[in-house]
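Each chain is listed here by its residues.
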Amino acid sequence: MLGCADSSTHTKRLLAADEFKNLTVMEYALNSPAIRKSLEHICSQENSQDFASQQVRQYYENGGRFMWVDMLGASSCSDTLMAVLKRQLQVIGFSPKAFRMAQIGSDLERLRTLQFDQKEDINVVTSRLEYNLTWAFLKYATGQRFGFTSPSHVLNHFAASIQDSTGKALAYHHLYDVDIECPGSDFFRSAIASIATDSLGAFLRHQEVRDNLYSRLSQLLSEVSGDQHRRVLVNMERCRWREKLRPQPGEKYVVVNVPAYHLWAVSPDTVIDMRAACGALRTKTPLLSSRINLMQVNPEWVMPMSIVSGDVARHGGDSAYFARHRYYITDRKTGKRLSPKSITAGMLYSGNYRVAQEGGAGNSLGRIIFRFPNNFSVFLHDTSSPGVFKRDNRGVSHGCVRVQRPFDLAVFMMEKDPDPQLLDKLRISMGMKPETEWGQELIDALDPTVKVPQLVHSIPVSPRVPIIITYYTIFLTPDGSLQYYPDVYGYDGAVAEALQPYIND
């Protein structure tokens, strides 16, 4: 990519000395106040609320200096920007129209050949050129660095949670809660400084995504068309949403890709992969990032109110139902355990009572749960229904992620070379056979009437392990293979729609 000083100069950029005599003619005279006035008019007509547009308007409304034009015309930086955009927009599959390339090119030509008229004099053309160059520059730089779309806006306005009688959405399900990098005033100041210091090319180069998946997708883009082309564009955009929580070099982490229904636990010397079951279409697994801090063995399952209302409340008073599922009821205020016979459906619908399932064999959470802070009360956990992992479509949960190999994942969470006795205590507590002689002796010494030997209750995870629940329909797995997955929640369509202004010619 060229720096401003190294850009190829427009053939009509250097005017002959005789041509400068024309500048004494009024229609060729640049007038700073007139340019300012015209810029103010442009700002008043612009109504886009994205970061780039807001920053550009604010800059010129506050009297920011001209960056692309001076008394000699347009600077070489304008040529650098046009060259970069012409090349890079083709690489990322975007339309030049979305960056006003035709208007900028036309105004550059008019300024350099002194082609003006009464309607569009030199000051009008110059002000428009100044504004559009800044706008296109910042629009592109911001998009490449932070994304051309907002995942929070797109995905958190995707599925209605409340609708009026006409079907209009009044509220939406919160589906995206990843802390990503966002543009701010410091970024804008750095962008402006790159023009002043003749380092625009280097600045734009720095904003590009440096990611193996993004590189593979950019290469693939020129080879596909139609729906596949759209799919590549959408996943390239996801790569631009840069998460603040990134595993550091040498740090182990866990990633769940929802469309793949798969989990990868990655460390510097090993990768454990396993099938996963995620949220059903109506109870989607939210996208988030956090750090796993605790493993609990044979956890109780405290049901969210949505499940109590939807599945359990209608069985109020049916003690056989509650006994069969090992559910119990407590008063939320007193914590007192109550007989299911005394609790009606209406009482359960009220939300004043808590319904939970005893831990152990048959518990919906399985034998172990992996906890991490999040705003949805979702976790990774074992399951009492392992048959689900034989299915291709594993969108079955109420939002949590069920994992196929919970014991292996638990070992992954521990420090290197964990204590063999601790591992056997964990195996026994999870209903598995011990692998050491010490463990077998421990089993023989246990009371045979105890159904769930609870030798381990909880294991802290230290250091905490990053967990990323993401959504890619084209994904680069840790072994380096590019995999394609179905758009199970329909998010590709939502992101593609948000990208349309950048794609349409």
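Residues numbered from 1 in each chain as written. Predicted model: local features only at pLDDT ≥ 70, side-chain atom pairs only at ≥ 80, totals over all residues. Heavy atoms only, no water.

### Describing the overall build of the protein
Each helix and strand counted, the protein has 18 helices and 20 strands in total. Taking 505 residues into account, the globule formula puts the C-alpha radius of gyration at 23 Å, and the protein, at 30 Å, lies well above it. With the principal axes as the frame, the protein shows a C-alpha extent of 105 × 55 × 40 Å. Within the protein, counting contacts between residues at least 6 apart in sequence, those at least 24 apart form 70% of the total. For the protein, the exposed area adds up to about 24,700 Å²; of that, 50% sits on carbon and sulfur atoms. Taking the average location of the 56 positive side-chain charges in the protein and that of its 53 negative ones, the two points are 5 Å from each other. (Helix = DSSP H or I, 4+ residues; strand = E, 2+ residues; numbered from the N terminus. Rg over C-alpha atoms; globule rule 2.2 N^0.38 Å. Contact = heavy atoms within 4.5 Å. Areas by Shrake-Rupley, 256 points an atom, 1.4 Å probe, with all protein chains shown as cover. Lys, Arg positive; Asp, Glu negative; His and termini not counted. Charge placed at Lys NZ, Arg CZ, Asp CG, Glu CD.)

### With respect to the pairing of strand β11 (residues 327-331)
Of all five residues in β11, five are buried; the element is thus mostly enclosed. Here β11 shows no split at all, with Tyr 327, Ile 329 and Asp 331 on one side and Tyr 328 and Thr 330 on the other all buried. Pairing analysis gives five bridges linking β11 to strand β13 (residues 353-357), with the strands arranged antiparallel. Within the sheet, the bridge partner assigned to Ile 329 lies in β13 and is Val 355. (Buried < 20%, exposed > 50% of the residue type's maximum accessible area, 1.4 Å probe, protein only. Pairing = 2+ DSSP bridges.)

### Focus: the pattern of salt bridges
It is possible for side chains bearing opposite charge to pair when their charged atoms get close. Counted according to the given criterion, the structure contains 18 salt bridges. We note a salt bridge from Arg 291 to Glu 251, for which the minimum N-O separation is 2.8 Å. Here Arg 291, found in strand β9 (residues 287-297), pairs with Glu 251, found in the loop between α11 (226-240) and β6 (253-257); they are 40 residues apart in sequence, far enough to count as distant. Linking Asp 424 and Arg 427 is a salt bridge whose minimum nitrogen-to-oxygen distance equals 2.9 Å. With Asp 424 and Arg 427 both in helix α16 (residues 420-429) and three residues apart, this pair spans about one turn of that helix. Residue class for Asp 424 comes out buried when judged on its relative accessible area of 0%. Taking relative accessible area as the criterion, Arg 427 reaches 8% and is therefore assigned buried. Among the charged side chains, a salt-bridge network with shared partners connects Asp 107, Arg 110, Glu 120 and Arg 128. (Salt bridge = Lys/Arg side-chain N within 4 Å of Asp/Glu carboxyl O.)

### As for the environment of Pro 247
Considering the arrangement of structural elements, one finds Pro 247 in the loop between α11 and β6. Linking Pro 247 and His 206, residues 41 residues apart in sequence, is a C-alpha distance of 21 Å. For Pro 247, the residues in contact, after removing those within four places along its chain, are Tyr 253 and Ile 468.

### Comments concerning the packing of aromatic side chains
Geometrically, a pair of aromatic rings is defined through the distance of the ring centres and the angle of the planes. Under the definition given, this model contains 24 aromatic pairs. Ring plane angle 75° and centroid distance 6.0 Å describe the contact between Trp 68 and Phe 137, whose orientation is recorded as edge-to-face. Taken together, the positions of Trp 68 in the loop between α3 (51-61) and β1 (69-70) and Phe 137 in helix α6 (residues 122-146) put the pair 69 residues apart, joining distant regions of the chain. In this structure, Trp 68 and Phe 137 share a single accessibility class: buried. Ring geometry for Tyr 321 against Tyr 327: centres 5.8 Å apart, planes inclined by 70°, an arrangement best described as edge-to-face. Just as Tyr 321 is buried, Tyr 327 falls in that class too. An aromatic cluster of at least three residues, connected via ring pairs, comprises Trp 68, Phe 137, Phe 146, Phe 187 and Phe 203. (Phe/Tyr/Trp six-rings, centres within 6.5 Å; stacked < 30°, edge-to-face > 60°.)

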